[in-house]
Amino acid sequence: MEKQQPCALSRNPHTLNTWKAHELYYLKMQRSKEKMEREKTDENEYQGKRKLKVCVATCNRADYSKLAPIMFGLKSHPEEFELEVVVLGSHLIDDYGNTFRMIEQDHFDIGSKLHTIVRGEDEAAMVESVGLALVKLPDVLQRLNPDILVVHGDRFDALALATAAALMNIRILHLEGGEVSGTIDDSIRHAISKLAHYHACCTRMAEQHLIAMCEDHSRILLAGCPSYDKLLSTHHRDDYMDIIRSWLGDKATDRDYIVALQHPVTTDIQHSIKIYGLMLDALISFNKKTLILFPNIDAGSKEMVRVMRKKGIEQHPNFRAVKHIPFEQFIQLVCHAGCMIGNSSCGVREAGAFGTPVINLGTRQTGRETGENVLHVRDADTHNKIYHALELQFGKRYPGSKIYGDGNAVPRILKFLSDIDLEEPLQKTFCFPPVKDPISQDIDHILETQSALAVDLGGTNLRVAIVCMRGNIVKKYTEPNPKTFEERMRLILKTCKDAVRDAVHLNCRILGVGISTGGRVNPQEGIVLHSTKLIHEWSSVDLRTPISDALGLPVWVDNDGNCAVLAEKKFGHGRGVENFVTVITGTGEKEGIGGGLIHNHELIHGSTFCAAELGHIKVSLEGPECSCGSQGCIEAFASGMALQREAKRLHDEDLLKVEGMDMNLAEPITAAHLISAANNGNSKANAVLHKASMALGVGIVNILHIVNPSLVILSGVLASYYQAPVQDVIKERALVSAQSIKVLKSDLEEPALLGAASMVLDYATRRTY
């Protein structure tokens, strides 16, 4: 939801004079209490560090949804903070719902109510409203004398607040600076950022913009959007259908209605009015229940309301037109909508957390970072174009996105506030180019490490790790892999939730979840199609939906072989290599052989998602039986399972142990015993390993002749043994043009986890819309 506006102050001189008389009386009464207020402040000071007096100023329904979580946080720490609340702007206008009442209903004491809006809803009225606010604010700020003023966003009211505070030497914390939205709001937002002393921004890109604007990086907090703290914790409510029906009628159903919210673009008012009319026509034609909110108070809003009434929207049976909806209920309505349409920032910010489809009309949000749920119709010049967008988006569901926050913004902001040193010079300093690289900084509570939650589902264990951008594993969790589907899903969710909770304390920002699993996977849908025999009850399993719903994070899923090659591409020998292949040579005695292909810097999945099933390349028409049911596959000769099988056979025939070989008869026979026997001169063991190396080498030669990579990377515990023999087979059996291709052993200790993490880190950080 978005900006709101004015109070019914007119430009009539008589009205202004009457207002001035009342105002002078009010000021006299307030100043009579000033001495008592200051004495009370002195009494509340600690013997050591005194309370920080924080004034939060809210101008409209939209900024209150962002400021309220901070206000609740400040109020819950009375030993550290003293909260003062100032209300102005459209909060106090009947036409816009008198939304100051919801602040009172939240049990906040409003210290001052300032009627600052001059009615007219045109450009001149906006300018006059800024001037009126500048006339009234100095007395209020002088009386309250806060240590810091918290200002949100990009409204003209907020510009007046920041201007008054800066000129009165009051420190300013600006929320949501550094963002880009493509209208006059950009100019106002950046102007407020230049006046502000401290910044709490929502995204990494916004942080970079503030740094590029020469703001001091040590005074920038990448916090996330405070409204996400509330919406991520409350959007799963049991009574959501009651809320939907209270606004749309008893016949309304989940995901079968539209939320519409369109505001004027003050730099092109006539065009935005035209788009508004076309949107209404398209919605009428689309014939779905629609909840439409009145536009904000910017210049042009009055004309948009006229268009709405001319088309009979308020009387239309499919529409419900409202001026204001409480934020908690609005969350539910957006979360369960079939689609959201308009140009509200809520569509590109809050709606993304739920995966709600959004149609963004016009240029008002151009430049905003968006999730994949947003379809832009920037040139919305025809009814048909908007109608077609509704057909494409309505009823879809997308993975939840946390571009704008992870639900922990308020604790970060409170810590940021508590660490402000009031003894520091008030005068701002600017950091002119060259700009410092934020990645090289390490400042507690200001910089967080962008991280991924990586899940590796193997035949024996379930492993979950927090992996940072540089590939370091911050924390790892290992549990035995349950045998049933229900137990496995419960364990995955529990372990992931534990990791997400721990990540906050470890200063890690979780961007999403990457899952590596055995079997054939459809990564587009996040579904395990067919499992390996080692993981029971693991076919036709939708992993993305339940995990994304439970964690509120986007989820990526892929085969463990593909994850291994992605790990090499981002963190290993494959960095910068255009074409290469990775072969997993068994990560243990219970694993097969897999791998992945990178071609033209892209991972190859194939038409039915079974590309790079390297373990099942045939190297013999007969040979041992493979786990796939066939015979003569590489895996049947060279995997950890195959070597373990041969080691047990030799042991049963009493042909494995040789002199000098250390062997505990009580321990299980593994491939390691076979390699140890060969190293101690056991000819039988040598023959088995020679056949295994030859099978793997011939299989890799076939790969070289088909896709012609420039590099082969062997991964897994057997890689160090196979590297030299496979290189020899290539030199002996490959075509001359392929004989020089190098075989390298992977240096990565956790390729499955790192590959799962790379899916998140690469996708979630490359959004440059």
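Structure: above.
Residues numbered from 1 in each chain as written. Predicted model: local features only at pLDDT ≥ 70, side-chain atom pairs only at ≥ 80, totals over all residues. Heavy atoms only, no water.

### Observations regarding the packing of helix α10 (residues 240-248) against helix α13 (residues 327-335)
And step 1. Put simply, α10 and α13 touch, their axes get as near as 9 Å, and they point 95° apart. The orientation of α10 relative to α13 falls into the category roughly perpendicular. Residues Y240, I243, I244, S246 and W247 of α10 form the contact with α13, whose own contacting residues are Q329, Q332 and L333.
And step 2. Of the residues assigned to the contact of α10 with α13, the class counts are five nonpolar, three polar and no charged. (Axes fitted to C-alpha atoms, helices over the stretch in contact; angles between N-to-C directions. Helix = DSSP H or I, 4+ residues; strand = E, 2+ residues; numbered from the N terminus. Parallel < 35°, antiparallel > 145°, perpendicular 65-115°, else oblique. Contact = heavy atoms within 4.5 Å. Nonpolar A, V, L, I, M, F, W, Y, C, P; charged D, E, K, R; others polar.)

### What about empty space enclosed by the protein?
And step 1. Per the stated rule, a full pass over the model turns up 10 cavities of 30 Å³ or more.
And step 2. Here the second largest cavity is characterised by a volume of approximately 60 Å³.
And step 3. If you go around the second largest cavity, the residues you meet are K402, D406, N408, V500, A503, V504, C508, I510 and L553.
And step 4. Of all elements in the fold, only α18 (485-505) and β17 (508-517) reach the threshold of two or more residues within the lining of the second largest cavity.
And step 5. With three residues, the top contributor of residues to the lining of the second largest cavity is α18.
And step 6. Along the lines of polarity and charge, the residues of the lining of the second largest cavity split into six nonpolar, one polar and two charged. (1 Å grid on protein atoms, 1.4 Å probe; cavity = no way out; pocket = protein on both sides within 12 Å on 5 of 7 lines; lining within 4 Å. Points joined across faces, edges and corners; volume = space filled by probe spheres on them.)

### A few points about the sheet that holds strand β13 (residues 374-377)
And step 1. The strand order across the open sheet formed by six strands is β10-β9-β8-β11-β12-β13, and the pairing between neighbours is parallel. Single-partner strands in this sheet number two, and they are β10 (319-322) and β13. Between one strand axis and the next, the sheet turns through 20° on average, direction left out of account.
And step 2. Where strand β8 (residues 257-261) lies against strand β11 (residues 339-342), four bridges are found, and the strand directions are parallel. (Pairing = 2+ DSSP bridges.)

### Notes on the pairing of β8
In summary, the side chains of a regular strand alternate between the two faces of the sheet.
And step 1. Among the five residues in β8, five count as buried, and that is most of the element.
And step 2. In this view, the connection linking β8 to its parallel neighbour strand β9 (residues 289-293) by way of helix α11 (residues 269-286) has right-handed handedness. (Buried < 20%, exposed > 50% of the residue type's maximum accessible area, 1.4 Å probe, protein only. Right-handed = clockwise from strand over helix to strand, strands pointing away.)

### Focus: the sheet that holds strand β19 (residues 527-530)
And step 1. Judged by pairing direction, the sheet is antiparallel, and its three strands sit side by side in the order β18-β19-β20 without closing on themselves. In this open sheet, the two strands that pair with only one neighbour each are β18 (520-522) and β20 (541-542).
And step 2. Bridge count between β19 and β20: two bridges; the pairing is antiparallel. In the strand pairing of β20, I527 is matched with D542.

### Re the packing of helix α22 (residues 640-652) against helix α24 (residues 683-707)
And step 1. Direction vectors running N to C along α22 and α24 enclose 160°, while the axes themselves pass 11 Å from each other. Comparing their axes, α24 and α22 come out roughly antiparallel. For the pair α22 and α24, the sense of crossing is right-handed. Contacts from L643, E646, R649 and L650 of α22 reach α24 at K684, A685, V688, L689 and A692.
And step 2. Here the contact of α22 with α24 is composed, by residue class, of six nonpolar, no polar and three charged. (Left-handed = near helix turned anticlockwise from the far one by under 90°.)

### Here we look at the environment of D229
And step 1. Residue placement: D229 occurs in helix α9 (residues 226-234).
And step 2. For D229, a relative accessible area of 14% gives the class buried.
And step 3. For the pair D229 and G407, spaced 178 residues apart in sequence, the C-alpha separation works out to 3.8 Å.
And step 4. Apart from the residues within four sequence positions on either side, D229 is in contact with G407, N408, A409, V410 and P411.

### What to know about the nonpolar core
And step 1. One finds M279, I292, I341, L361 and L390 to be the most contacted residues of the largest nonpolar core, which totals 62 residues.
And step 2. It is α11 that provides the largest number of residues to this core, a total of 10 residues.
And step 3. Look past the residues within four positions of L390 in its chain and what remains in contact with it is I258, A282, L283, F286, C339, I341 and I359.
And step 4. Of all hydrophobic cores here, the second largest spans 40 residues; its members include I669, L696, Y722 and I730. (Core = buried A, V, L, I, M, F, W, Y, C linked by side-chain atoms within 4.5 Å.)

### Re the pairing of strand β22 (residues 580-584)
And step 1. Taken across its five residues, β22 has five buried, putting it largely inside the fold.
And step 2. The alternating pattern of β22 places F580, T582 and I584 on one face and V581 and V583 on the opposite face, and all of these are buried.
And step 3. As paired elements, β22 and strand β23 (residues 594-599) share five bridges and run antiparallel to each other. Looking at β23, one finds that T582 is bridged to G596.
And step 4. Of the strand pairs in this sheet, β22 and strand β25 (residues 711-715) are connected by four bridges, and their pairing is parallel. Bridge assignment links V581 to a residue of β25, and that residue is V712.

### Digging into helix α25 (residues 719-733)
And step 1. The end-to-end C-alpha distance of α25 is 20 Å, a good match for the 21 Å that 15 residues give at a rise of 1.5 Å each.
And step 2. Within the span of α25, buried status applies to A719, Y722, V726, Q727, V729 and I730.
And step 3. Summarising the contacts, the buried residues of α25 are in contact with α21 (634-638), α22, α24, β25 and β26 (742-745). (Expected span 1.5 Å × (residues − 1).)

### Section: unusual backbone geometry
And step 1. Although it is not a glycine, N169 sits at a positive phi angle of roughly 60°.
And step 2. Here N169 lies in the loop between α6 (156-167) and β5 (171-175).
And step 3. Positive phi values are uncommon outside glycine, yet E176 reaches one of about 65°.
And step 4. Along the chain, E176 falls in the loop between β5 and α7 (184-195).

### Some words on the packing of aromatic side chains
And step 1. By the definition in use, this model includes six aromatic pairs.
And step 2. Aromatic side chains Y721 and Y722 sit 5.8 Å apart centroid to centroid with 70° between the ring planes, which places their arrangement in the edge-to-face category.
And step 3. For Y721, a relative accessible area of 25% gives the class partly exposed.
And step 4. Through a chain of ring-to-ring contacts, three or more aromatic side chains come together here, namely F286, Y387 and F394.
And step 5. In this structure, K75 packs its charged tip against the face of F108, placed 5.1 Å from the ring centre. (Phe/Tyr/Trp six-rings, centres within 6.5 Å; stacked < 30°, edge-to-face > 60°. Lys NZ or Arg CZ within 6 Å of the ring centre and 35° of its normal.)

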